[in-house]
Every structure is written in C-alpha cells, then in structure tokens.
Amino acid sequence: MLVCWTAVFAVVFATAGHAEDKGAVAKRDVQAKLAYCEVCHGVSAVGFRGYYPIPRLAGQQTEYLENQLQAFVERRRTNNIMFNVGHVLSPAMIASLAANFHDLNPKPLGGAPKDLVAGGKKIFEDGIPAADVPACSSCHGPDAKGNGAFPRLAGQLFDYVTSKLKNWDKERGQNPSQPDTSALMQPIAHKLNDAQIKAVAAYLSYLE
Amino acid sequence: MRAFPPLVLCAAILAAAYAGIGRAESMDAAAAGGLQAKISYCKDCHGPAAQGYRGYFPIPRLAGQQTEYLENQLRAFIEHRRTNNIMFNVAHTLSPAMIEGLAAHFRHLEPAPIGGAPRQLVAAGKKIFEDGVPDANIAACAACHGPDATGSGEIPRLAGQLYPYLIKTLTNWGRERGQNPTQPDISAVMSPVAHSLNKAQIEEVAAFVSYLK
C-alpha cells in the first residue's frame, strides 16, 4: 500500500513539474509576443531600418539571444527600449522566443555597398595579422552562423553591425559587477578602423 | 455649333501634346512658379506654415515631415493604398517632380506646434512613447519614430502633429492605410501597434507628441 501511494505521488509530482515547465508559457502568449518582436525586428525577424537599425534575429543562436535579453535586464548591455522589453519576460518566454527565432531563415535584408564585400570577406576569413586583428571566422564560424554565446552574423544589417562595432565599449559589458563574454570582442572592435568595419559589415550582410 | 474636322482636331491634340512635352523639358522656370502656386494651395488647408489646421477634419501638420514619407503618402492616395477622396484628387494631378519639390519644401519648415491637447495626458504619453507597454506587447514608438519623434525615411515625424489627427489616424488605421491588397506597403508595420493601443493610451501618446518641437 505504501509503495502504491508513493508511486501515485511520484506521478502527480512529475506531472505537476512537467505542467509548470511547459505551461508557464502558453502557445498563444508566445505567438503574441513574437508578433510584438516583429513589429520592430521585421517580418520573419529579418531586421528593420527604423529610426535605429534594428537587428535581424532570424537564425540567431539561442544562447546568444537568451544572454542578450538577460544583458538588457541586468544593464550589462545598455538600451532603454530593450530593457523595457526584456524585463517583463519570464525565463520560459525567453527560451521560447529564442527557439522560435533560431528556426527562422529569411533571405538577408541587403542594402550594403557591394563594392566592399570582397575586402570584408578577406578580413572575416583571414583577419588582419599585421594589426593583430584575428579572423572573425575563428569564433563566428566559416559561414558566420555563430556558436552558442557567439552570435550569428550572417545576414545581419550592415548599419547595425557598423554601429555595434564602433560603439562596443559604450554598449556592451556595461555592468562592472557582471563581466561577460562581450569583453572578448572589445579589443577586436577597438582595433578595426572605420573602413575595415564597413567592409566586414558589408560582407556579412549578404551571407545567407 | 459645328464640329471640328478630324484633321484639325488631330493637329490640335498633337500641338497640345508637344506643348506639354516642351513644358516638361524646360521645367525649371515654369516649375518655380508652379511649385509656389501649389505650395500656397496646400497651405490653404494645412495651415500657413504647414503646421496643421483644424478644418472640418483635423488636417495634418506637414512641416518638418520626412520627404520619403510625404512622397510615399502622396503616391498612396493615388494608388488607393490610403483612402481619402480629397487627397486623391489633390495628388493625382501632381507630377513626380512636383511631388519631390513639395516634399523638399515642407521638410524644411519649422513652425511651433499648434498645441491644444490636454496637458494632463502628456506624462503618461511620454512613457508609452519611450518605453512602449511591454506587458501589452506594444512596442516603444521611439524605436522607429526616433527619441524626438522626428521620424526616418518612410517612417513619419510625429513631433508637433495635431492631437485630433493622431487620434483619428490611430483609431482608424485598419480602415485607412494599406487598403490596396495588390500593393502591400510599410503601413502594415503599424497595424498591430495601432490595434493594440486602447483609447486612453492613444489619447496619451497623441497628447505627448503633439507638443514636441
């Protein structure tokens, strides 16, 4: 008898636990939130040129997306609009959104100067050894698809990548009590000059 | 009255057509006068400095507006993407060069906002504009319209826009914009936002932007 009750409790608790994981975020709520994200990030999260360049989220690494949403909330990454967006999201909602965006695969938005692409490809694949700039592909991958906390860059908006690389120090790693992986990119962003930033951003923006 | 013989009629049509071509080619001199006349015609309804005007309908401010937005809206009236009989008739006689000239003119006007919105709504409207309403999935207006509501390209300036015009436009978005199913346009971006805002929120955000310079 005792064994029997134990088994029943075990099943009940297992079910309750299961319901909490999945039930915390209803499919309807995720769909509504995705539609809200796409107001600014574009149809299929391809990115959008609003007042600011608003980044592509489609195909992005889930770990990177989750880390950035947390970074906005924890003020590691400064962006007032995204702070407000991020701080109402439950962990389960963040996980669902990240999984959804990861699975989208629209064509890049385009619009970058084509004449810069070849120079950018070289920087991406080889780096600039003379200036101690490592090859981007060594962390972001040969196709710029990223890996875990390293973001996908393929198809990202030209003007977004340009503004991030120029302002790295002022936007990332802003909470001294919580240093994060953005510190890795800091010296690289710092060493790239304007022309190199534009070249590599143009190359990435056309990658599918 | 006696009808024109066909040959004379043809000649008259050809003459008119060539005169038209000639005018188009030497646009500069004629256009300067034409543009000034057209600008003053616009200002009959949109106000002396295009700051907007409360006619029977609230008539929007055009001053300081983004040129791409103005050009796109004039085309939208013509293409029945945006339904407005008065503006259809205004727009469909405008040449592309005239549309460009008008848009460039209005872009550089900077009159003070016309005002008149309830002041007590401004603070709440500022919060919606800057932060959105994340719990209700309403995006921050500032993300696309800019922190000063000056707009960007096809995204309109809202600063100084008329309070009643904004309310009417946000309330009726689904019935006024993106009305030509064969030509979907950028107005679709705004559709879920306008739909999600309730009446009080629309009034608040309209009051806030109406006072921005």
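How each quantity is defined
Residues numbered from 1 in each chain as written. Chains lettered and ligands numbered in written order. Predicted model: local features only at pLDDT ≥ 70, side-chain atom pairs only at ≥ 80, totals over all residues. Helix = DSSP H or I, 4+ residues; strand = E, 2+ residues; numbered from the N terminus. Buried ≥ 20, exposed ≤ 12 C-beta atoms within 10 Å, placed from the backbone. Contact = placed C-beta atoms within 7 Å. Axes fitted to C-alpha atoms, helices over the stretch in contact; angles between N-to-C directions. Parallel < 35°, antiparallel > 145°, perpendicular 65-115°, else oblique. Nonpolar A, V, L, I, M, F, W, Y, C, P; charged D, E, K, R; others polar. Arc of directions from axis to C-beta. pLDDT = per-residue confidence, 0-100. Core = buried A, V, L, I, M, F, W, Y, C linked by C-beta atoms within 7 Å. Left-handed = near helix turned anticlockwise from the far one by under 90°.

### Let's talk about the overall build of chain B
Thought 1: When you go through chain B residue by residue, the secondary structure sums to eleven helices and two strands.
Thought 2: Secondary structure elements of chain B occur, N-terminal to C-terminal, as α-α-β-β-α-α-α-α-α-α-α-α-α.
Thought 3: Counting across all 213 residues of chain B, residues that qualify as buried make up 33%.
Thought 4: Pairs at least 24 residues apart make up 69% of the contacts formed inside chain B by residues separated by at least 6 positions.

### So, the overall build of chain A
Thought 1: Across its full length, chain A carries eleven helices and two strands.
Thought 2: Moving toward the C terminus, one meets the helices and strands of chain A in the order α-α-β-β-α-α-α-α-α-α-α-α-α.
Thought 3: Across the 208 residues in chain A, those meeting the buried criterion constitute 34%.
Thought 4: In chain A, once contacts between residues fewer than 6 apart in sequence are set aside, the share between residues at least 24 apart is 69%.

### Focus on the interface of chain B and chain A
Quite often, the size of an interface is put as the accessible area lost when its parts meet.
Thought 1: Contacts between chain B and chain A engage 18 residues on the former and 15 residues on the latter.
Thought 2: For the side of chain B that touches chain A, the secondary-structure elements that each account for two or more residues are helix H6 (122-131), helix H7 (142-145) and helix H10 (191-196) of chain B.
Thought 3: Residue contributions to the side of chain B that touches chain A peak at four residues, all from H7(B).

### Some words on the packing of helix H6 (residues 117-126) of chain A against helix H11 (residues 194-205) of chain A
A packed helix pair is summarised by two numbers, namely the angle formed by the two axes and the spacing between the axes.
Residues and elements named next belong to chain A.
Thought 1: Contact pair H6 / H11: the axes reach a minimum separation of 7 Å and the direction vectors enclose 95°. Compared by their axis directions, H6 and H11 come out roughly perpendicular. Seen from H6, the contacting residues are Val-117, Gly-119, Gly-120, Lys-121, Ile-123 and Phe-124; seen from H11, they are Gln-196, Ala-199, Val-200, Ala-201, Ala-202 and Tyr-203.
Thought 2: Its residues assigned to classes, the contact of H6 with H11 shows eight nonpolar, three polar and one charged.

### Regarding the environment of A:Asn80
Thought 1: Mapping A:Asn80 onto the fold places it in helix H4 (residues 80-86).
Thought 2: In the structure, A:Asn80 is positioned 82 residues away from A:Thr162 in sequence and 20 Å away in space, judged by C-alpha atoms.

### Looking at helix H8 (residues 163-171) of chain B
Residue and element names in this part refer to chain B.
Thought 1: Every buried residue belonging to H8 is among Tyr-163, Tyr-165 and Leu-166, and all of these are buried. Down the axis of H8, the buried side of the element spans an arc of 160°, and every buried residue falls inside it.
Thought 2: On the buried face of H8, the contacting elements are strand S2 (58-59) and helix H11 (199-210).

### Some thoughts on the confidence of the model for chain B
Residues and elements named next belong to chain B.
Thought 1: Summary statistics for chain B give a mean pLDDT of 89 and a share of 85% for residues scoring 70 or more.
Thought 2: Below a pLDDT of 50 lies the segment residues 1-25, which in the model reaches two contacts outside its immediate sequence neighbourhood of four places, other chains included.
Thought 3: Model confidence for the complex: the whole-complex pTM is 0.83, and ipTM, which rates the interface, is 0.81.

### Quick notes on unusual backbone geometry
Residue and element names in this part refer to chain A.
Thought 1: If you check the backbone angles, Ser-44 has positive phi at about 60° while not being a glycine.
Thought 2: Relative to the helices and strands, Ser-44 is located in the loop between helix H2 (27-41) and strand S1 (48-49).
Thought 3: The class of Ser-44 is partly exposed, set by 16 C-beta atoms lying within 10 Å.
Thought 4: The phi dihedral of Ala-144 falls on the positive side, at around 60°, and the residue is not glycine.
Thought 5: We classify Ala-144 as buried; it has 21 C-beta atoms within 10 Å.

### Focus on the nonpolar core
Thought 1: B:Ala139, B:Ala143 and B:Val209 are the most contacted members of the largest nonpolar core, which totals 47 residues.
Thought 2: For this core, the secondary-structure elements that each account for two or more residues are H2 and H4 of chain A together with helix H3 (67-78), helix H5 (96-107), H6, H7, H8 and H11 of chain B.
Thought 3: Contact partners of B:Val209, with chain neighbours within four places excluded, come to B:Phe129, B:Ala149, B:Leu158, B:Ala159, B:Gln161 and B:Leu166.
Thought 4: Counting 32 residues, the second-largest nonpolar core is a separate cluster that includes A:Ala45, A:Ala58, A:Phe72 and A:Leu97.

### Side note on the confidence of the model for chain A
Thought 1: Overall, the prediction assigns chain A a mean pLDDT of 91, with 89% of residues at 70 or greater.
Thought 2: Under a pLDDT of 50 for its full length, residues 1-20 of chain A has, in the predicted model, zero contacts with residues more than four places off or in other chains.

### Thoughts on the environment of B:Lys126
Residue and element names in this part refer to chain B.
Thought 1: Within the element layout of this structure, Lys-126 appears in helix H6.
Thought 2: When the 17 C-beta atoms within 10 Å are taken as the criterion, Lys-126 is described as partly exposed.
Thought 3: Taking C-alpha positions, Lys-126 is 22 Å from Leu-62, a pair spaced 64 residues apart along the chain.

### Digging into the packing of H8(B) against H11(B)
Residue and element names in this part refer to chain B.
Thought 1: For the pair H8 and H11, the least separation of the axes is 9 Å and the interaxial angle reads 140°. Relative to H11, the element H8 is oriented oblique. Between H8 and H11 lies a crossing of right-handed hand. Contacts between H8 and H11 pair Tyr-163, Leu-166, Ile-167, Leu-170 and Thr-171 from the former with Ile-202, Glu-203, Ala-206, Ala-207, Val-209 and Ser-210 from the latter.
Thought 2: Classifying every residue of the contact of H8 with H11 gives eight nonpolar, two polar and one charged.

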